[in-house]
Amino acid sequence: MNPPTTYAEWAASCDRLLKGDCDDDTLAAMEAGSLEWTSGVAERITRRIHEVFDSRLKLAGEHFQRDTHHAQGHATLLTNALLGIRKKMILLARLAALPALPDMVKQSLQQSLQQFAERTQSSLESSARADRTGKTLDLVKRNRICVPDISSLPGRDIPSGQPDFPTTNRTTQPRRIILT
């Protein structure tokens, strides 16, 4: 996918993100893209980016709510729900940090994402306090919902064709991660 440089290409990228088509490829192209911020284009693309961001944030919240409801206190399912929302937060953090966006737009998106993470974490901790054993609260605190620092993501510095997971014994098998 080619990096977008015109409003039409940026709008098409936004449409792909709204549909959930090839999120990683689309975001990678958008991160490499550029746009001349003229008065008419700036307002329209900012509105489109906010539309995509708000839609994906709402969808992430709905999926997380559904997943936590289905977990019903089961530690593994709750951990999976927490890891799932954190993965979706990475996508949103990347969208909020697109290099082509002006700083004011980036700050607005990042602030919205931070507020969502704080509200969700606070709500989870409040709900987890009802568990008398304290295990749920401990699990929620150990797997905090936070805005990821995308500059330190492992996949961002990996050359094309390289595996994006750690290798063991010179093989390309992913390491097992055991959650307790």
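Anyway, here's the lowdown on the structure attached to this text. (Residues numbered from 1 in each chain as written. Predicted model: local features only at pLDDT ≥ 70, side-chain atom pairs only at ≥ 80, totals over all residues. Heavy atoms only, no water.)

**Points about the overall build of the protein chain**
Then step 1. In terms of helices and strands, the protein chain carries six helices and zero strands.
Then step 2. Ordered by position from the N terminus, the helices and strands of the protein chain form the series α-α-α-α-α-α.
Then step 3. Classification of the 180 residues of the protein chain by burial places 35% in the buried group.
Then step 4. Once local pairs closer than 6 in sequence are excluded, the contacts in the protein chain between residues at least 24 apart make up 66%. (Helix = DSSP H or I, 4+ residues; strand = E, 2+ residues; numbered from the N terminus. Buried < 20%, exposed > 50% of the residue type's maximum accessible area, 1.4 Å probe, protein only. Contact = heavy atoms within 4.5 Å.)

**Remarks on helix α4 (residues 75–96)**
Then step 1. Taking 1.5 Å per residue, 22 residues should reach 32 Å; α4 reaches 31 Å between its end C-alpha atoms and fits that length.
Then step 2. At its buried positions, α4 is contacted by α1 (7–19), α2 (23–32), α3 (39–71), α5 (103–128) and α6 (135–142). (Expected span 1.5 Å × (residues − 1).)

**Examining the nonpolar core**
Then step 1. Membership of the largest hydrophobic core comes to 40 residues, with the highest contact counts inside it found for M30, I49, F53, L95, L98 and I145.
Then step 2. Elements supplying a minimum of two residues to this core: α1, α2, α3, α4, α5 and α6.
Then step 3. Among the elements that take part in this core, α4 stands out by supplying 10 residues, more than any other.
Then step 4. Once you skip the residues sitting within four places of it in the chain, I49 turns out to touch C14, M30, L95, L98, L101 and L109. (Core = buried A, V, L, I, M, F, W, Y, C linked by side-chain atoms within 4.5 Å.)

**Overview of α3**
Then step 1. A rise of 1.5 Å per residue sets the reference length of α3, with its 33 residues, at 48 Å; its end C-alpha atoms lie 48 Å apart and thus fit the reference within 8%.
Then step 2. One or two positions beyond α3, positive phi appears at Q72, with a value near 45°.

**Section: the pattern of salt bridges**
Then step 1. Within the structure shown, the criterion is met by eight salt bridges.
Then step 2. A salt bridge links D24 to R94; the nearest nitrogen and oxygen atoms lie 3.5 Å apart. Taken together, the residues D24 in helix α2 and R94 in helix α4 connect sequence positions 70 residues apart.
Then step 3. Overall, R94 belongs to the buried group, its relative accessible area being 12%.
Then step 4. For the salt bridge of D138 with R142, the shortest nitrogen-to-oxygen distance reads 3.1 Å. Taken as a pair, D138 and R142 lie in helix α6 at a separation of four residues, close to a single helical turn.
Then step 5. Several salt bridges converge on common partners, so that one network encompasses D15, R48 and E51. (Salt bridge = Lys/Arg side-chain N within 4 Å of Asp/Glu carboxyl O.)

**Side note on the layout of surface pockets**
Then step 1. Computed from the structure, the second largest pocket encloses a volume of approximately 380 Å³.
Then step 2. Lining the second largest pocket are 18 residues; nearest its centre among them are F64, T68, L78, L124 and S127.
Then step 3. Elements with a minimum of two residues in the lining of the second largest pocket: α3, α5 and α6.
Then step 4. A breakdown of the residues in the lining of the second largest pocket according to their chemical character gives seven nonpolar, nine polar and two charged. (1 Å grid on protein atoms, 1.4 Å probe; cavity = no way out; pocket = protein on both sides within 12 Å on 5 of 7 lines; lining within 4 Å. Points joined across faces, edges and corners; volume = space filled by probe spheres on them. Nonpolar A, V, L, I, M, F, W, Y, C, P; charged D, E, K, R; others polar.)

**Brief notes about the environment of E51**
Then step 1. Note on placement: E51 falls in helix α3.
Then step 2. C-alpha of E51 to C-alpha of C14: the two residues are 37 residues apart in sequence and 8.7 Å apart in space.

**Structural notes on the packing of α1 against α2**
Then step 1. Where α1 contacts α2, the two axes come as close as 9 Å, and the packing angle between them is 155°. On the basis of their axis angle, the class for α1 and α2 is roughly antiparallel. The two elements α1 and α2 meet at a crossing, and its hand is left-handed. Counting all contacts with α1, which are made through W10, S13, C14, R16 and L17, the residues of α2 involved are D23, T26, L27 and M30.
Then step 2. Tallied by class, the residues present in the contact of α1 with α2 amount to five nonpolar, two polar and two charged. (Axes fitted to C-alpha atoms, helices over the stretch in contact; angles between N-to-C directions. Parallel < 35°, antiparallel > 145°, perpendicular 65-115°, else oblique. Left-handed = near helix turned anticlockwise from the far one by under 90°.)

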